[in-house]
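Residue strings, one per chain:
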Amino acid sequence: MTQSSVTTLTRNSLKVFDDASHIILRYTSNILKDPKNAKFRRIKTTNDIFKTRILVAEGAVQCLVAMGFRK
């Protein structure tokens, strides 16, 4: 992860930061638990959790991109 995306993420309110970081950790831990499972290597951007916890957090999408996810 690039420092600037993490720094941007930390500028959100504590609740927004906590929600976004929890989901980012869930995405990555699922991949680490089962790296061959294709469903964990894609993020459904139409998913309500993604919309309400990632998109609202400034820097969250940038963190995911820095981790290797593609838009």
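Below or above, wherever it landed, is the structure these notes cover. All figures in this text were calculated on a predicted structure; none of them were measured in a lab.

1. Some points on the environment of F69
Along the polypeptide, F69 turns up in the segment after α4 (60-66). We classify F69 as buried; its relative accessible area is 15%. Counting along the chain gives 23 residues from F69 to T46, while the straight-line C-alpha distance between them is 16 Å. Ignoring any residue separated from it by four or fewer positions in sequence, one finds F69 in contact with I31, R41, I43 and L64.

2. Comments concerning the environment of V6
Relative to the elements of secondary structure, V6 occurs in helix α1 (residues 3-10). Judged by its relative accessible area of 31%, V6 is partly exposed. Taking C-alpha positions, V6 is 9.9 Å from S21, a pair spaced 15 residues apart along the chain.

So, how was this worked out
Note that residues are indexed from 1 along each chain, following the sequence as it is written. pLDDT decides what is reported in this predicted model: residues at 70 or higher carry local features, side-chain atom pairs at 80 or more are listed and counted, and totals for whole chains, interfaces and linings draw on all residues regardless. As a convention, hydrogens and water are excluded, and side-chain values are obtained from all of the structure's heavy atoms. Numbered from the N terminus, helices here are DSSP runs of H or I no shorter than four residues, and strands are runs of E no shorter than two. With a 1.4 Å probe rolled over the protein chains alone, any residue whose accessible area is under 20% of its type maximum counts as buried; one over 50% counts as exposed, and the rest are partly exposed. In this analysis, two residues are considered to be in contact whenever any of their non-hydrogen atoms come within 4.5 Å of each other.

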